[in-house]
Amino acid sequence: MEQQNQLLMKVSTPKVRYRPFGLLAELTYRCPLHCPYCSNPVELAHTNSELTTEEWKRVMQEASDLGVLHILFSGGEPLVRKDLPELVAYAHELEMYTNLITSAIGFTRSRALELKEAGLDSVQISFQADEAQLADAIAGTKAHSRKLEAARMTRELGFPLTINVVLHRENMGHLSRMIALAEELDAQRLELANTQFLGWAFKNKEALLPTRSQVKEAHAIAEAAQVRLRGKMEVLYILPDYLGDRPKPCMNGWGRRFLTVNPMGEVLPCQTAGVIPSLLFDSVRQHSLQWIWHESPAFNRFRGTEWMPEPCQSCTQREIDFGGCRCQSFLLTGDAANTDPACSLSPYRNQLTALVENIEQHSITPPAFTATTTHTRPIHFRTNPKGLPVRLAQPTAPSRDRISTGGYPIVSI
């Protein structure tokens, strides 16, 4: 391991010292949902290795010292951690802007009030579709009605609300209704993100990849909503990489502005970077966050432009798209250092084009998800790590909250 780290350090050690502005704190990989496009790793570590409360506080202090201003509490489902209010309060003390990214399962009024008192600034809730039958089929559990209750309560309590919808073949035809739902729920921001084929989504790409006609129609609908709702609700629509000519500046460049700390304490430039087997990601249990950010071989491997192959090295866009997505390059070409196939200049572009065309030509009907959750295409639903069960933490004060939690009891973990 040490020899591999030394080799990676020799490959690229940029002179520029970057500052992180955002921290994605993945508190746990446990989640009551089983979405087949989840960005969590397909192979999950044992839950007993999750960082403790004190370890997370040290991470946040070190992140603040580095210049981080914004922390996103995510997972999995962060609400399964009974110390979430304590962590939010600590981030608030550090004057970080705090955002909860949640499935909303377990986001009861008592829990929400506890988090509000702790200083939580905003809430982001994921929705799988606009109506319960399809949404619950995609989530792998009955969750839609509870999401609606939680979203309405979020606004009642004065939290800014972001609704996030991952778009794919099975829900893209519902886009207009999903926009209408976000309006009805008084969301301040709606994120419409086409599925990134990483993590579980890559495993399910044959079932999830939308057709070009679907994406074209969705793009027109989203653009019209952006114009109509300007000044009322921000609508963010992210076009799939494979339909463009240039890759997106993934995370605004590798190790430039953002970092992720996963539940076991490993620090990554993005939440899916662990898929690259040639990189060893250091842990906050062995090193300070400052050392990892500035000095670790993994963070320096794809920083800057010196590492870039041609045609990236001589491209005028290299400081704009930063070479695209390293995870996507690895998954599609077998080497994270290759030019992202999403770029029309990439020597591997034909591989991406052939993959998309092959999936489109062999697409199967009827749809993968049905109201009875009988799946006519093979779907690999996200699974939880072995170890502790997924149980949603109760608020510290007794609660009379009557919001249903279905098959997931509200008990301490």
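Predicted, not measured: the structure shown is a model, and the values here were computed from it.

What about the packing of aromatic side chains?
Then, number 1: A full pass over the atoms with the stated rule returns three aromatic pairs.
Then, number 2: Ring centres 5.2 Å apart and planes at 85 degrees place the aromatic pair Trp254 and Phe302 in the edge-to-face group. Residue Trp254 is located in the loop between strand 7 (234-238) and strand 8 (258-261), and its partner Phe302 is located in the loop between helix 12 (297-301) and helix 13 (318-321); the two are separated by 48 residues in the primary sequence. Phe302 matches Trp254 in its accessibility class, with the two residues each being buried.
Then, number 3: Relative to Trp307, the ring of Phe302 has its centre 4.9 Å away and its plane inclined at 80 degrees; by these criteria the two rings are edge-to-face. Of the two residues examined, Phe302 and Trp307, each falls in the buried class.
Then, number 4: Ring pairs connect the aromatic residues Trp254, Phe302 and Trp307, which therefore count as one cluster.

Regarding the nonpolar core
Then, number 1: By size, the foremost hydrophobic cluster in this structure holds 88 residues, and its most contacted members are Phe73, Phe107, Phe127, Ile163, Leu192 and Leu289.
Then, number 2: With near-sequence residues (within four places) excluded, Phe107 lies in contact with Leu79, Leu100, Ala112, Leu115, Val123, Ala150, Met153 and Thr154.

Regarding the confidence of the model for the protein chain
Then, number 1: Of the residues in the protein chain, 84% reach a pLDDT of 70 or more, and the chain-wide mean stands at 86.
Then, number 2: Of the regions scoring below 50 in pLDDT, residues 1-14 engages in 20 contacts with residues more than four places distant in sequence or in other chains.
Then, number 3: In the model, residues 395-413 has pLDDT below 50 throughout and makes 37 contacts with residues more than four positions away in sequence or in other chains.

Side note on the pattern of salt bridges
One side chain can pair with another of opposite charge once the charged atoms of both are near each other.
Then, number 1: Tallied over the entire structure, the rule returns 17 salt bridges.
Then, number 2: Of the charged contacts, one joins Arg17 and Glu295 as a salt bridge, the two residues approaching to 3.6 Å between their closest N and O atoms. Residue Arg17 is located in the loop between helix 1 (2-11) and strand 1 (22-26), and its partner Glu295 is located in helix 11 (residues 289-295); the two are separated by 278 residues in the primary sequence.
Then, number 3: Since its relative accessible area comes to 29%, Glu295 is described here as partly exposed.
Then, number 4: Notably, a salt bridge pairs Lys232 with Glu183, separated by 3.7 Å at the nearest N-O pair. Here the residue Lys232 occupies a position in the loop between helix 10 (212-228) and strand 7, and Glu183 occupies one in helix 7 (residues 175-184), the gap between them amounting to 49 residues.
Then, number 5: Judged by relative accessible area, which is 57%, Lys232 ranks as exposed.
Then, number 6: It is possible to trace a salt-bridge network through shared partners that takes in Arg30, Glu50, Arg81 and Asp83.

Some details on the packing of helix 2 (residues 53-66) against helix 3 (residues 84-93)
Then, number 1: Where helix 2 contacts helix 3, the two axes come as close as 10 Å, and the packing angle between them is 20 degrees. One element, helix 2, and the other, helix 3, form an angle in the roughly parallel class. Helix 2 and helix 3 meet at a crossing whose hand is right-handed. Two secondary-structure elements touch here, helix 2 through Thr53, Glu54, Trp56, Lys57, Met60 and Gln61 and helix 3 through Glu86, Leu87, Tyr90 and Ala91.
Then, number 2: Looking at side-chain class alone, the contact of helix 2 with helix 3 contains five nonpolar, two polar and three charged residues.

Quick notes on helix 7
Then, number 1: Residues of helix 7 that are buried: Leu175, Met178, Ile179, Leu181 and Ala182. Down the axis of helix 7, the buried set is contained in an arc of 155 degrees. They therefore lie on one face.
Then, number 2: Of the surrounding elements, those touching the buried residues of helix 7 are strand 4 (122-127), helix 6 (144-156), strand 5 (161-167), strand 6 (189-194) and helix 10.
Then, number 3: Residue Asp186 follows helix 7 closely and has a positive phi angle near 60 degrees.

Digging into the pairing of strand 1
Then, number 1: Judged by how many residues are buried, strand 1 sits mostly within the fold: five of five residues are covered.
Then, number 2: Alternating residues of strand 1 divide into Gly22, Leu24 and Glu26 and Leu23 and Ala25, and every residue in both groups is buried.
Then, number 3: Bridge count for strand 1 against strand 2 (residues 70-74) is five bridges, and the pairing is parallel. Within strand 2, the residue paired with Leu24 across the bridge is Leu72.
Then, number 4: Bridge count for strand 1 against strand 8 is four bridges, and the pairing is parallel. Looking at the pairing, Leu23 lines up with Leu259 of strand 8.

Definitions and limits used
Residues numbered from 1 in each chain as written. Predicted model: local features only at pLDDT ≥ 70, side-chain atom pairs only at ≥ 80, totals over all residues. Heavy atoms only, no water. Phe/Tyr/Trp six-rings, centres within 6.5 Å; stacked < 30°, edge-to-face > 60°. Helix = DSSP H or I, 4+ residues; strand = E, 2+ residues; numbered from the N terminus. Buried < 20%, exposed > 50% of the residue type's maximum accessible area, 1.4 Å probe, protein only. Core = buried A, V, L, I, M, F, W, Y, C linked by side-chain atoms within 4.5 Å. Contact = heavy atoms within 4.5 Å. pLDDT = per-residue confidence, 0-100. Salt bridge = Lys/Arg side-chain N within 4 Å of Asp/Glu carboxyl O. Axes fitted to C-alpha atoms, helices over the stretch in contact; angles between N-to-C directions. Parallel < 35°, antiparallel > 145°, perpendicular 65-115°, else oblique. Left-handed = near helix turned anticlockwise from the far one by under 90°. Nonpolar A, V, L, I, M, F, W, Y, C, P; charged D, E, K, R; others polar. Arc of directions from axis to C-beta. Pairing = 2+ DSSP bridges.

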